[in-house]
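If you want the building blocks of each chain, they are given just below.
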Amino acid sequence: LMSLLNTVSVFYILYFRNQFSLRITHTLSSSLSLTYIGFIVWAALSYFYAINSTEVLVNITRQVNVLVMFLVMGMFIYNFKQKRALVSYVITAILAIEVYAVLNEALQMINSSGIISGGALKGVTANRNITAFSIAIKIPFVLFLIYKHSKPLVKIGLSGLVMLSILCLSMIQSRASFLALGFTLLSFLVLCVALYFSDKNKKHLYQFAYFLIPLLLAIGINQTFLSDKGADALARAATISAGTNDGSVNQRLRYYEDVLTHMSSNPIFGVGLGNWKLKSIDYDAKDISGYIVPYHAHSDFIQLGAELGIIGFLLYLAVFLWAIYYVYRLIRFSSISIEEKVFLFLMLTALGVYSVDANLNFPIARPQVLVVWTMIIAMINFY
């Protein structure tokens, strides 16, 4: 679907290239875009030293697909006057559908067996981690709409969606998403406090209640009605610790150690894009269960370091660093409106949610989350 949309979009832009000429120049000439293109080129060059060059062809096609989506989104954004509202409303509508799918699935589980299996709550995606982060990364867009609207009923309705989103996360019980939710909570608090100190208006502090109250309600509902049905979110959150005996935590730590060991001995050229699944066998052979090899290192950043060396790692990291730098400059020095600055801060918050996912899972291989990521960096790049 991404390939089809990108193909149609590229032909459309080429057909109306005179109208898009300035947009093409602006989009392609930014430091963020050039860095991202540089990352793709460096990744493609790994074909010549990869363990399995065919694997590079498969994965570079996926990465080019995401790059093209980012670029065409950046060009199309110019067409919309109310781009902040449009993007936020569309993503909020998609979030509502995802939340409904999870709640409906959970209700079916309760009716059939009396318990909720968090690991089986997939909603509209392939597994619970994708579902959890697909929900979590969209919450900042809802928070922007809460900030934007002045009507209390609209704010309450939107905060109700936030509450249901958090309730879904509590049932899915993806611990990484709990960390992302905590990051969003802290970021929104910082935003509300900063807005209060900018004009001494207490209404900004009250805005925080539209996130805090839904969070407390979701936790209360989970602990009162769902904890005895296999969905105890607090008990699950208590296992977030590097020192725990939990298998998945220790597995991730083992993967990280293997990747860092490989990077230390191969700092410039890695094993080739998409080839870590082959090299990981050398490191994890004694711990492999059956014939299941570690396809991903559960951290996009260090896995790319193993596959593309330190240069590939730094190029990919630089895409995120440019986005942070852009937002800082825009908030600190530009003359854009306060609403635009709030939007950009919340886009950076959503990017932070993606970064949590990218450090604990592998969203670089998951289109459901990547589409939102491309929109985030395209919006930041546009501003």
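Right, let's walk through the structure included here. Think of each chain on its own: its residues are numbered from 1, step by step along the sequence as written. Predicted model: local features are reported for residues with pLDDT of at least 70 only, side-chain atom pairs are reported and counted for 80 or more only, and whole-chain, interface and lining totals are derived from all residues. Heavy atoms from the whole structure form the basis of all side-chain values; hydrogens and water molecules are not counted.

### Considering the overall build of the protein
Then, in step 1: When you go through the protein residue by residue, the secondary structure sums to 17 helices and zero strands.
Then, in step 2: Throughout, radius of gyration means the C-alpha value; the globule benchmark is 2.2 Å times the number of residues raised to the power 0.38. Over its C-alpha atoms the protein spans a radius of gyration of 22 Å, differing by no more than 12% from the 21 Å that the globule rule assigns to 383 residues.
Then, in step 3: Relative accessibility under 20% of the residue-type maximum defines a buried residue, over 50% an exposed one, and the middle range a partly exposed one, all with a 1.4 Å probe and only protein chains included. Put simply, the protein has 383 residues, and 49% of those count as buried.
Then, in step 4: Residue exposure ignores everything except the shown protein chains as possible cover, and the areas themselves are Shrake-Rupley values with a 1.4 Å probe. Entry remark: accessible area of the protein is about 17,900 Å², with carbon and sulfur atoms responsible for 66%. Comment: elements are numbered from the N terminus, with helices defined as DSSP H or I runs of at least four residues and strands as E runs of at least two.

### Quick notes on empty space enclosed by the protein
Then, in step 1: Any residue with an atom within 4 Å of a point lines the site, the site being either a cavity, points on a 1 Å grid over the protein atoms alone where a 1.4 Å probe fits but cannot get out, or a pocket, an open set with protein on both sides within 12 Å along at least 5 of 7 lines. Grid points are joined across faces, edges and corners, and a volume is the space filled by probe spheres set on the points. Tallied over the full model, the rule gives one cavity of 30 Å³ or more.
Then, in step 2: In this structure, the largest cavity spans a volume of roughly 40 Å³.
Then, in step 3: Taken together, Y36, F39, Q63, V66, Y316, Y354, I364, L370 and W373 form the lining of the largest cavity.
Then, in step 4: Contributing elements (two or more residues each) for the lining of the largest cavity: α3 (31-45), α4 (53-76) and α17 (367-382).
Then, in step 5: Residue classes follow a fixed rule: Ala, Val, Leu, Ile, Met, Phe, Trp, Tyr, Cys and Pro count as nonpolar, while Asp, Glu, Lys and Arg count as charged, and any other residue, Gly among them, counts as polar. Of the residues assigned to the lining of the largest cavity, the class counts are eight nonpolar, one polar and no charged.

### Regarding the layout of surface pockets
Then, in step 1: Looking at the largest pocket, its volume works out to about 570 Å³.
Then, in step 2: Lining the largest pocket are 25 residues; nearest its centre among them are M73, V90, I91, V371 and M375.
Then, in step 3: If one sorts the elements of the lining of the largest pocket by residue count, helix α5 (residues 83-113) sits on top with seven residues.
Then, in step 4: Class assignment of the residues belonging to the lining of the largest pocket gives a composition of 17 nonpolar, five polar and three charged.

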